[in-house]
Amino acid sequence: MKLNTYSRLSGFYFFYFSLLGALVPYWSLYLKSFDFNAQTIGSLMAILMASRIVAPNIWGWLADRTGQRLRIVRYGAFLTCLIFVLIFWQENALGIALVMTGFSFFWNAVLPQFEVLTLTHLKGREHLYSRIRLWGSVGFILAVMGIGWLLDLVSIRWLPWAMLGLMVMIWLSSLFVEGKTPVRSSEESRFVQQLLRPQVLVFFLVCLLIQFSHGPYYTFYSVLMDSLGYSRTEIGLLWSVGVVAEVLIFILMPKLIGGLGLRKLMISSLLLCVLRWLLIGLVPENLPLMLFAQTLHAVSFGVLHAVGIALVHHYFSPSNHGQGQAMFSSFGFGVGGALGALCSGMMWESLGAAATFSVAAVAVFIAAICATIWIKPENCAETNR
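Residues numbered from 1 in each chain as written. Predicted model: local features only at pLDDT ≥ 70, side-chain atom pairs only at ≥ 80, totals over all residues. Heavy atoms only, no water.

A. Examining the overall build of the protein chain more closely. Of regular secondary structure, the protein chain possesses 13 helices and zero strands. Traced from its N-terminal end to its C-terminal end, the protein chain shows the element sequence α-α-α-α-α-α-α-α-α-α-α-α-α. Computed over C-alpha atoms, the radius of gyration of the protein chain comes to 19 Å, within 12% of the 21 Å expected from 2.2 N^0.38 for 385 residues, which places it in the range of a compact globule. Seen through its principal axes, the protein chain has C-alpha atoms that stretch 55 × 45 × 35 Å. Here the protein chain, with 385 residues, has 58% of them falling under the buried criterion. A separation of at least 24 residues holds for 86% of the contacts in the protein chain among residues at least 6 apart in sequence. Of the roughly 15,000 Å² of accessible surface on the protein chain, a fraction of 70% belongs to carbon and sulfur atoms. A distance of 11 Å separates the average location of the 24 positive side-chain charges in the protein chain from that of its 16 negative side-chain charges. (Helix = DSSP H or I, 4+ residues; strand = E, 2+ residues; numbered from the N terminus. Rg over C-alpha atoms; globule rule 2.2 N^0.38 Å. Buried < 20%, exposed > 50% of the residue type's maximum accessible area, 1.4 Å probe, protein only. Contact = heavy atoms within 4.5 Å. Areas by Shrake-Rupley, 256 points an atom, 1.4 Å probe, with all protein chains shown as cover. Lys, Arg positive; Asp, Glu negative; His and termini not counted. Charge placed at Lys NZ, Arg CZ, Asp CG, Glu CD.)

B. Seen up close, the pattern of salt bridges. One pass over the full model with this rule turns up one salt bridge. Here Asp226 and Lys32 are joined by a salt bridge, their closest N and O atoms 3.8 Å apart. With Asp226 in helix α8 (residues 198–227) and Lys32 in helix α1 (residues 3–32), this pair connects stretches of sequence that are 194 residues apart. For Lys32, a relative accessible area of 35% translates into the label partly exposed. (Salt bridge = Lys/Arg side-chain N within 4 Å of Asp/Glu carboxyl O.)

C. Representation of the side chain of Ser317 in the model. With respect to the secondary-structure elements, Ser317 resides in the loop between α11 (297–315) and α12 (321–351). A relative accessible area of 5% places Ser317 in the buried class. At 3.2 Å, the side chain of Ser317 forms a polar contact with the side chain of Gln194. (Polar contact = N/O pair within 3.5 Å; in protein donor to acceptor, adjacent residues only side chain to side chain.)

D. Just the side chain of Ser10, in detail. With respect to the helices, strands and loops of the structure, Ser10 is situated in helix α1. Residues within four places of Ser10 in sequence aside, it is in contact with Ile132 and Trp135.

E. Geometry of the packing of helix α2 (residues 38–66) against α12. It is at 7 Å that the axes of α2 and α12 come closest, and there the two elements cross at 170 degrees. For the element pair α2 / α12, the angle class is roughly antiparallel. In terms of residue class, the contact of α2 with α12 is made up of 17 nonpolar, 13 polar and four charged. (Axes fitted to C-alpha atoms, helices over the stretch in contact; angles between N-to-C directions. Parallel < 35°, antiparallel > 145°, perpendicular 65-115°, else oblique. Nonpolar A, V, L, I, M, F, W, Y, C, P; charged D, E, K, R; others polar.)

F. A look at unusual backbone geometry. Residues other than glycine seldom take positive phi values, yet Asp35 does so here, at roughly 65 degrees. Along the chain, Asp35 turns up in the loop between α1 and α2.

G. Here's a closer look at α2. The end-to-end C-alpha distance of α2, which contains 29 residues, comes to 42 Å, matching closely the 42 Å that a straight helix rising 1.5 Å per residue would cover. The N-terminus of α2 is capped by Asn37, whose side-chain oxygen sits 3.2 Å from the backbone nitrogen of Gln39. (Expected span 1.5 Å × (residues − 1).)

H. Main features of the packing of α2 against α8. Contact geometry of α2 with α8 gives a least axis separation of 10 Å together with a crossing angle of 130 degrees. Regarding the angle of α2 to α8, the classification is oblique. You can see that α2 and α8 cross each other, and the crossing is right-handed. Residues Ala38, Ile41, Gly42, Met45 and Met49 of α2 lie in contact with α8, whose contacting residues are Tyr218, Thr219 and Phe220. For the contact of α2 with α8, a count of residues per class yields six nonpolar, two polar and no charged. (Left-handed = near helix turned anticlockwise from the far one by under 90°.)

I. Spotlight on the nonpolar core. Counting residues in each nonpolar core, the largest one holds 137 residues, and the members touching the most others are Trp27, Phe203, Met266 and Leu270. Of the residues forming this core, the biggest block, 19 residues, is contributed by helix α9 (residues 232–282). (Core = buried A, V, L, I, M, F, W, Y, C linked by side-chain atoms within 4.5 Å.)

J. Summary view of the packing of aromatic side chains. Summed over all chains, the structure comprises 32 aromatic pairs. Considering the side-chain rings of Phe105 and Phe106, the 5.2 Å spacing of their centres and the 90 degrees angle between planes classify their relative orientation as edge-to-face. Taking relative accessible area as the criterion, Phe105 reaches 25% and is therefore assigned partly exposed. Judged by relative accessible area, which is 16%, Phe106 ranks as buried. Sitting above the plane of the Phe34 ring, Arg157 keeps its charged end 3.9 Å from the centroid. Here the basic side chain of Arg276 rests over the ring of Tyr217, its NZ or CZ set 4.3 Å away from the ring centre. (Phe/Tyr/Trp six-rings, centres within 6.5 Å; stacked < 30°, edge-to-face > 60°. Lys NZ or Arg CZ within 6 Å of the ring centre and 35° of its normal.)

K. Structural view of a nonpolar patch on the surface. On the surface, a cluster of nonpolar side chains totalling about 670 Å² of accessible area is made up of Trp149, Leu150, Leu153, Val154, Trp158 and Trp161. Structurally, Trp161 can be placed in helix α6 (residues 159–174). (Patch = residues over 30% accessible without salt bridge, like charges linked within 9 Å, V, L, I, M, F, W, Y side chains within 5 Å.)

L. Broad picture of the environment of Val243. Here Val243 shows up in helix α9. It is 6.8 Å that separates the C-alpha atoms of Val243 and His297, two residues lying 54 residues apart in sequence. Not counting residues up to four positions away in its chain, the partners in contact with Val243 are Ser137, Phe140, Ile141 and His297.

M. Region of the structure containing α6. Relative to the 22 Å expected for 16 residues at 1.5 Å per residue, α6 spans 23 Å between its end C-alpha atoms, a close match to the ideal helical length. Listed in full, the buried residues belonging to α6 are Leu159, Pro160, Met163, Leu164, Leu166, Met167, Ile170, Ser173 and Ser174.

N. View of the environment of Cys343. Its place among the elements puts Cys343 in helix α12. In sequence terms Cys343 and Ala46 are 297 residues apart; their C-alpha atoms lie 9.4 Å from each other.

Read these as spatial facts, not as claims about activity.
Given below as structure tokens:
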């Protein structure tokens, strides 16, 4: 791959995940500044996840049918900026919910289609995907640390301005990415046939359970650390430790996939994810153990995300990769993430952090059992062609 192409693809991931680094750790604190209770915060955070149920599938279907994948990415990024501007006039839950629904509908359409563009550029060298994606993790780290430091100096109400600036950069970076000649298809039934294979259905169930288990983490981890007396700089550093570990694992992923295979990587990562949630739920005041738990983000997100992207590419034919990636986003980050945020919001105040994260651990343990029994990629080697 040409260096110029590599840098343009990497730049998009850098800014996309920089926005995530501003949104995920600090948006719940922004919502808390309006004196919303835990259930309201959980419901509002669920909107970001719930929009992934519908939006990626609509845009994935449209991209596969029209072949205009890059144009959809650019329009989605621009409309994200345009709608988010309205957040500066919202101070009640309903107004914030409407803006979050609007901007996330387009924002969540962008990444799955960009993943397909990246894999198209990498054709024949898909194992190099993690080397490009790691720049998204670098962006996340810099955003988490920088904004955490900034929010110790200024009001949390400045957060939307930082997010808007990053949204503009996402749109601008999409303008520099070159398009690839897409594969068009009218094989709707072919996609359904590929989707309905038992191990593919179980794969999406596993994705759902993984993201369900992340619900308490994405929604209340910063709130929990804040309540225990951690500064926002320290909270940002804890988030960053996780993503630094993620970057390192992305660098190693080509060797790990080649050495262990997708199945072993998935199962072992799921079991380590169980350990992570138990540590966060039971001993959040113990800084050394929290630092260790954050390094496990390398597997609970980094490995599982890279394995998931690879399995979608493996299970679906090239003409259906857009819809396949959309389903990956919808079932996991959409249905799973929304249910995780909603359930954690309902449990947080009544049951507490320990019980909430224990439920997350149980969910991901069930995912490990399902993966052990059903996820056998080698048995689907040729049926997706």
